[in-house]
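The residues making up each chain are set out below.
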Amino acid sequence: MRKKIVAGNWKMNNDLNSSVALISEIKNLLASKSLNAEVIICPPFTSLDAANSLIKDTQIKLGAQNMYYEKSGAFTGEISPLMLKSVGCQYVILGHSERRTIFGESNQLINKKIKAAVENQLNPIFCIGETLEERESGVTFKIIETQMREGLEGLTAEELANLIIAYEPVWAIGTGKTATPEQAEEVHAFIRKLIGELYSTEFAEKLIIQYGGSVKPENAAELMSQPDIDGALVGGACLKADSFVKIIESAQ
Ligand code: PEP
């Protein structure tokens, strides 16, 4: 049985003070609860250090929303894997659709970032997903396959032992339109099958595949009860402690 993992992608929200307040609320709500899901929060870079101190001795783990693939040097404005590790990150979201569309990240760049993450023992949360136009023109599986083949190129099953894939249909992110559990499950099953072909069925069976795209307390349980949906990557709804905790508690 795979464990469920629920991660909160805060995006560019919350300054230091409001980050501290949100984490404190999440901590209070989760305190002494026995959970069926692992919990990850991904605040902005400027709040990671404070978050790391606040989540010590809790069930919450820390992730970043992006990073560059070099260790250090003349890369103004960028953050390295080692910097993320130094503030307690265990996870990093890579290939988010906002990075792909707004910042022009290609599968090749994302591949370099995934390689750098695993070389530095950071667990990638690798985001993939089709746009509405791609879904409507019937190329969803082709897009997913290309993102996976190019994003994971040259990486071995051993290197990817702690990989998480997040299927996030672009048309469902921040739009309030959620994929139906059946639509999501169909793509998750495809992702697992492809991982089986690229690596092994044993690896595919262990792989955590999260769904992301307008997950909220009202739809989380049904989505996460699908056989190939192993948790959620939550955007908007993770900015309210009670909604985020309800989603975490929906994992069975
Ligand atoms: C996300 O940003 O990864 C996301 C899924 O956002 P939302 O839940 O707001 O759709």
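Residues numbered from 1 in each chain as written. Predicted model: local features only at pLDDT ≥ 70, side-chain atom pairs only at ≥ 80, totals over all residues.

**Quick look at the overall build of the protein chain**
Check the secondary structure of the protein chain and you find eleven helices and eight strands. Taking 252 residues into account, the globule formula puts the C-alpha radius of gyration at 18 Å, and the protein chain, at 17 Å, falls close to it. Judged by the C-alpha coordinates and their principal axes, the protein chain covers about 45 × 45 × 35 Å. The 252 residues of the protein chain split such that 42% are buried. Contacts spanning at least 24 positions in sequence make up 72% of the contacts within the protein chain whose residues lie at least 6 apart. (Helix = DSSP H or I, 4+ residues; strand = E, 2+ residues; numbered from the N terminus. Rg over C-alpha atoms; globule rule 2.2 N^0.38 Å. Buried ≥ 20, exposed ≤ 12 C-beta atoms within 10 Å, placed from the backbone. Contact = placed C-beta atoms within 7 Å.)

**Looking at unusual backbone geometry**
Of note in this structure, N14 is not a glycine but carries a positive phi near 85°. Owing to 19 C-beta atoms within 10 Å, N14 belongs among the partly exposed residues under this scheme. Positioned with a positive phi, D57 is a non-glycine residue whose angle comes to about 65°. As for its position among the elements, D57 is in the loop between α2 (45-54) and β3 (60-64).

**Details of helix α7 (residues 140-151)**
Its twelve residues place the ends of α7 16 Å apart at the C-alpha level, agreeing with the 16 Å of an ideal helix rising 1.5 Å per residue. Buried within α7 we find I144, Q147 and G151. The buried residues of α7 occupy an angular sector of 65° when projected down its axis, which confines them to one face. Among the structural elements, α5 (107-119), β5 (123-128) and α8 (181-198) are those in contact with the buried residues of α7. (Expected span 1.5 Å × (residues − 1). Arc of directions from axis to C-beta.)

**Structural notes on the sheet that holds strand β8 (residues 231-234)**
Pairing between the strands of a sheet comes from backbone hydrogen bonds, and it takes one of two forms, parallel or antiparallel. Strand order in the closed barrel formed by eight strands is β1-β2-β3-β4-β5-β6-β7-β8, with parallel pairing between adjacent strands. Between one strand and the next, the sheet's axes are offset by a mean angle of 25°, whatever the strand orientation. Sheet topology note: the strand β7 (residues 208-212)/β8 ladder contains two bridges and is parallel. Within β8, the residue paired with Y211 across the bridge is A232. (Pairing = 2+ DSSP bridges. Axes fitted to C-alpha atoms, helices over the stretch in contact; angles between N-to-C directions.)

**Points about the UniProt feature "active site" (unreviewed entry) in the protein chain**
As annotated in UniProt, the feature "active site" (unreviewed entry) corresponds to H96 and E168 in the numbering used here. Look at the named residues: they lie 73 residues apart in sequence, but the longest C-alpha span between them is just 8.3 Å, so in the fold they bunch up. Looking at where H96 falls in the secondary structure, it is placed in the loop between β4 (91-94) and α4 (97-102). Mapped onto the fold, E168 is located in the loop between β6 (164-167) and α8. Ignoring any residue separated from it by four or fewer positions in sequence, one finds E168 in contact with S97, C127, G129, I173, G212, G213 and L233. (UniProt positions renumbered as here; feature names shortened; annotations may be inferred.)

**A few points about the nonpolar core**
If you look at the biggest cluster of nonpolar residues, it comprises 69 residues, and the most contacted ones within it are V6, V92, I125, F126, I165, A232 and V234. Those residues within four positions of V6 in sequence are excluded, and the remaining contacts are A37, V39, G231, A232, V234, I247, I248 and A251. (Core = buried A, V, L, I, M, F, W, Y, C linked by C-beta atoms within 7 Å.)

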